[in-house]
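# Structural overview for review
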Amino acid sequence: MRDIADHLFDILENSVKAGATEIRIISRIKDKQFFCKIKDNGSGIMDEDVTDPFVTSRKTRKVGLGLPLLKRAAESTGGFLKIYNTEKGGVILEFKIDITHIDAKPFGNITRTFVDAIYSWPKVSFYISIQKKNNRTLSIFNSKKIREIISYSEMQQKEVRDFIYDSIDHELKKIGIDSQFGMF
Amino acid sequence: MKNLEELKKIRERVRKDLELRTGKHRIKIVVCLGTCGIAAGARETMNTLIDLIAKNDTSDTIVTTTGCAGFCEQEPMIQLYMEDKEPVVYGKVDAKAAEEIFEKHVLKGKIVEKYLFSKGK
């Protein structure tokens, strides 16, 4: 994984693999900490420690590296990764990374991650929000609203993809996602 | 979220464009996007392919994704399905390789041996 954007895409794929049809993502940057919370309605996790590389639900191999890698990326900056089942089924995953820490990975392109996810799994509904400095939550993308307007084949078109990219990017920049180093 | 009215305008343009084309997909490119693929840069491969399709106006080609295929050391991997032909799997497809495969295989139908991983089912 080259950057945080790669990690983020990877854990979104976990949700999709677990059969999620709805994924809610909230992110914020506060006091140099990038915090992200992902809630899905997939099959949930077993009691085993999923951040152990040798615990995986996959059948092709006996090791799963996605979560352990992100856990390490977070903890090496003094942050954390938590994952737990919700009462209704599904999973909540939270992680925090000190983005100015010497061991922090670069952000990469978080907007690209979201657009790639929306494009890769058109049947999954994504709800993306940001939390502003005054703790207010602002919705920046809602699959349902988009799908009311455009069909799947229209969404595949470059012009539409670019529109979605620009609208997400514009909002993410408001929480300073493009200014990891040198701003603080 | 950005102005949805604007999106509606884009929709009208895109719809007209789509109506002019025949709807059938002839070629399907599947990008493996498991943990291994992502770590190897498969998202860049996917975006390169999507851009190439738009640039060359090859609307009969679609890009979809799948998970880990079990050959992690070969990532980023892509599978290429062409109508009436055996599926072809390519390994170690970075952005540059994707361009070459697109140009030779997708546009001209020639298999690029350099990145070939397997042929057939």
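Cut-offs applied
- Residues numbered from 1 in each chain as written.
- Chains lettered and ligands numbered in written order.
- Predicted model: local features only at pLDDT ≥ 70, side-chain atom pairs only at ≥ 80, totals over all residues.
- Helix = DSSP H or I, 4+ residues; strand = E, 2+ residues; numbered from the N terminus.
- Rg over C-alpha atoms; globule rule 2.2 N^0.38 Å.
- Buried ≥ 20, exposed ≤ 12 C-beta atoms within 10 Å, placed from the backbone.
- Pairing = 2+ DSSP bridges.
- Axes fitted to C-alpha atoms, helices over the stretch in contact; angles between N-to-C directions.

A word on the overall build of chain A. Summing up its helical and strand segments, chain A has six helices and six strands in all. The linear arrangement of helices and strands in chain A, starting from the amino end, is α-β-β-α-β-β-α-β-β-α-α-α. A compact globule built from 184 residues should have a C-alpha radius of gyration of about 16 Å, and chain A, at 16 Å, falls within 12% of that. Summarising its shape, the C-alpha atoms of chain A cover approximately 45 × 40 × 30 Å along the three principal directions. Residues counted as buried form 40% of the 184 residues belonging to chain A.

This part takes up the sheet that holds strand β2 (residues 61–66) of chain B. All names here are of chain B. The five strands are arranged β2-β1-β3-β4-β5 in an open sheet whose pairing can be described as mixed. Of all strands in the sheet, those bounded by a partner on one side alone are β2 and β5 (116–119). Across the sheet, the mean angle from the axis of one strand to that of its neighbour is 20°, orientation sign disregarded. Here strand β3 (residues 78–82) pairs with strand β4 (residues 88–90) via three bridges, running antiparallel. Following the sheet pairing, L80 is matched in β4 by V88.

This brings us to unusual backbone geometry. All names here are of chain B. In this chain, E75 is followed by P76 through a cis amide linkage whose omega measures -5°. Inspection of the secondary structure puts P76 in the loop between β2 and β3. Phi is positive for K92, close to 50°, though the residue is something other than glycine. Tracing the chain through its elements places K92 in the loop between β4 and α4 (95–106). Given 15 C-beta atoms within 10 Å, K92 falls into the partly exposed group.

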